[in-house]
Amino acid sequence: MDVKPEPGTLSENSEVLFSFGVIADIQYADLEDGYNFQGNRRRYYRHSLLHLRGAIEHWNTEGRPPRCVLQLGDIIDGYNAQYKVSEKSLELVMNTFQMLKVPVHHTWGNHEFYNFSRNYLTNSKLNTKFLEDRIVHDPKTVPSEDYYAYHFVPFPQFRFILLDAYDLSVLGVDQSSPKYQQCLKILREHNPNSELNSPQGLSEPQFVQFNGGFSQDQLNWLNEVLTFSDTNQEKVVIVSHLPIYPEASDSVCLAWNYRDALAVIWSHKCVVCFFAGHTHDGGYCEDPFGVHHINLEGVIETAPDSQAFGTVYVYPDKMVLKGRGRVPDRIMNYKREIQL
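All figures in this text were calculated on a predicted structure; none of them were measured in a lab.

Draft legend 1. Main features of the overall build of the protein. Counting secondary structure elements, the protein contains nine helices and 14 strands. Computed over its C-alpha atoms, the radius of gyration of the protein comes to 19 Å, within 12% of the 20 Å expected for a compact globule of 340 residues. Looking at the 340 residues of the protein, the share that counts as buried comes to 59%. Long-range contacts, defined here as pairs at least 24 residues apart, represent 66% of the contacts in the protein between residues at least 6 apart. Accessible surface, the protein: about 14,700 Å² in total, of which carbon and sulfur atoms supply 50%. Distance from the positive charge centre (30 side chains) to the negative charge centre (42 side chains) of the protein: 2 Å.

Next up, the structure:
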C-alpha cells in the first residue's frame, strides 16, 4: 500500500508539480479591535497586518517557493474611508506585500469599493491584470475592459481565472451612470428593504448591497476560457471574492447570480476548484460535478495567537490545501477524466 507523507516533506516534494498561496479578507485599519456588524465576532484591525507579514515570511522561506499568491479581496477595511486614510492604509499593506518574493494576484471585494471607485482601482497597484496570459489565436478569451477579470498560467496545463464578483454592483460606480441605475434596479427588484444591506425577509438573501454579481458579458467570456481549457486538457482554478456555492457558504454571502456562474462552470470538465473569501468563517464543499468550493477564513477575524492563510500543493491527481492557524487542511481530488 502506497502511504503518502504530508505535503512539504522531502519524499513528497518530487511529486509536487507546483504550489500557490491563498489569503483572504485582511481588512487592515489603524484602529483598536472591534466587532462585526452583528456585534458577535471580534475584528483585529491592526493585527491583520502582522498576520500578513507572518504569511509572507512563511512563503518566502518555503524550500520550494509558491508560484504565486492569490489575495482574495477586502485588503483594507471600509473604516479607512470614514477616517479619510484609505490611500495611506492601502500603501502600508502594499508595501508589506512588496516583501513577497513571488507575484501576487489581487481580487476586488466590497471593502475595496467602500474605499475607492472602480476607476481608481483600475489605475492602482491592486490591478494585477498585467500578469494575465493572452491566448493570441483565440480573441474570445481576452476579457473586456468593462470588468476586472483575467486568466493566467502559473504552470503548464494549469489555468487560473480571476473573476470580478462586483461587475454588477452599486458599489464603486458613479450614481449618475446607467450601470449604477441598472444594478440598483436589480437589487431593488429582489430586496424591498429600506436598508439594502439587510437580508431580512428575503427569499434570496444574497441580494444585499455588500454583494454583487457577474454580468452576462463576463460569464460569456468565462465560458470561452473554459472551452479553451477543456479543448487543451487544462485544469482550472477559479478565484472570486464572493462564493457561488450555498453549501460552502452561508445563504447571505453569495454572488447575486451565483446560479448563472455555476451553470457555466458545470457545463465544462476542466474546473478543479473555486476559491473565495468574504464570509470570514470559511467553508468547504465538493459539488455534485466534482468542483471543490473553498471559502477561506478571513485574516480580520483571526486572533493574534493564530493565523489564517494556506498553501496549495498541486499534484498530478489532486490539490492539497495545507492550512495555517484557522485554515483547515483540504484534499481536493481531480475528477477522474482530468487526472494526468
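Draft legend 2. Highlighting the side chain of arginine 43. As for its placement among the helices and strands, arginine 43 is situated in strand E3 (residues 42–43). Owing to a relative accessible area of 8%, arginine 43 belongs among the buried residues under this scheme. At 3.2 Å, the side chain of arginine 43 forms a polar contact with the side chain of glutamate 301.

Draft legend 3. Structural context of the UniProt feature "domain: Calcineurin-like phosphoesterase" (unreviewed entry) in the protein. Here the UniProt feature "domain: Calcineurin-like phosphoesterase" (unreviewed entry) sits at residues 20–281. Annotation note: span residues 20–281, helix share 31%, strand share 14%, distance between end C-alpha atoms 21 Å.

Draft legend 4. Structural context of the environment of glutamate 247. Following the sequence through the fold, glutamate 247 ends up in the loop between strand E8 (235–239) and helix H9 (258–266). Measuring from C-alpha to C-alpha, the distance between glutamate 247 and glycine 277 comes to 14 Å, with 30 residues separating the pair along the chain. Filtering out sequence-adjacent residues up to four positions away, glutamate 247 remains in contact with Tyr284 and Cys285.

Basis of the calculations
- For every chain, the first residue of its written sequence is number 1, and the numbers climb from 1 along that sequence.
- Local features in this predicted model are restricted to residues of pLDDT 70 or higher, and side-chain atom pairs are both shown and tallied only at a pLDDT of 80 or more, whereas totals for entire chains, interfaces and linings draw on every residue.
- The side-chain numbers reported here are obtained from all heavy atoms of the structure, hydrogens and water having been left aside.
- Strands here mean DSSP runs of E at least two residues long; helices mean DSSP runs of H or I at least four residues long; both are numbered from the N terminus.
- Throughout, radius of gyration means the C-alpha value; the globule benchmark is 2.2 Å times the number of residues raised to the power 0.38.
- For every residue, the accessible area obtained with a 1.4 Å probe (protein chains only) is divided by the maximum for its type, and the residue is called buried under 20%, exposed over 50%, and partly exposed between those limits.
- In this description, contact between two residues means that some pair of their heavy atoms is separated by no more than 4.5 Å.
- Accessible areas in this description were obtained via Shrake-Rupley with a 1.4 Å probe; residue shielding takes into account the shown protein chains only.
- Within this scheme the basic residues Lys and Arg register as positive and the acidic residues Asp and Glu register as negative, but His and the chain ends are omitted.
- In this description, the location of a charge corresponds to atom NZ of lysine, CZ of arginine, CG of aspartate or CD of glutamate.
- Polar contact is the term for a pair of N or O atoms within 3.5 Å; when the atoms are in protein, one must be able to donate a hydrogen and the other to accept it, and sequence-neighboring residues count only if both atoms are side-chain atoms.
- UniProt positions are given in the numbering used here, feature names are shortened, and annotations may be inferred rather than shown by experiment.

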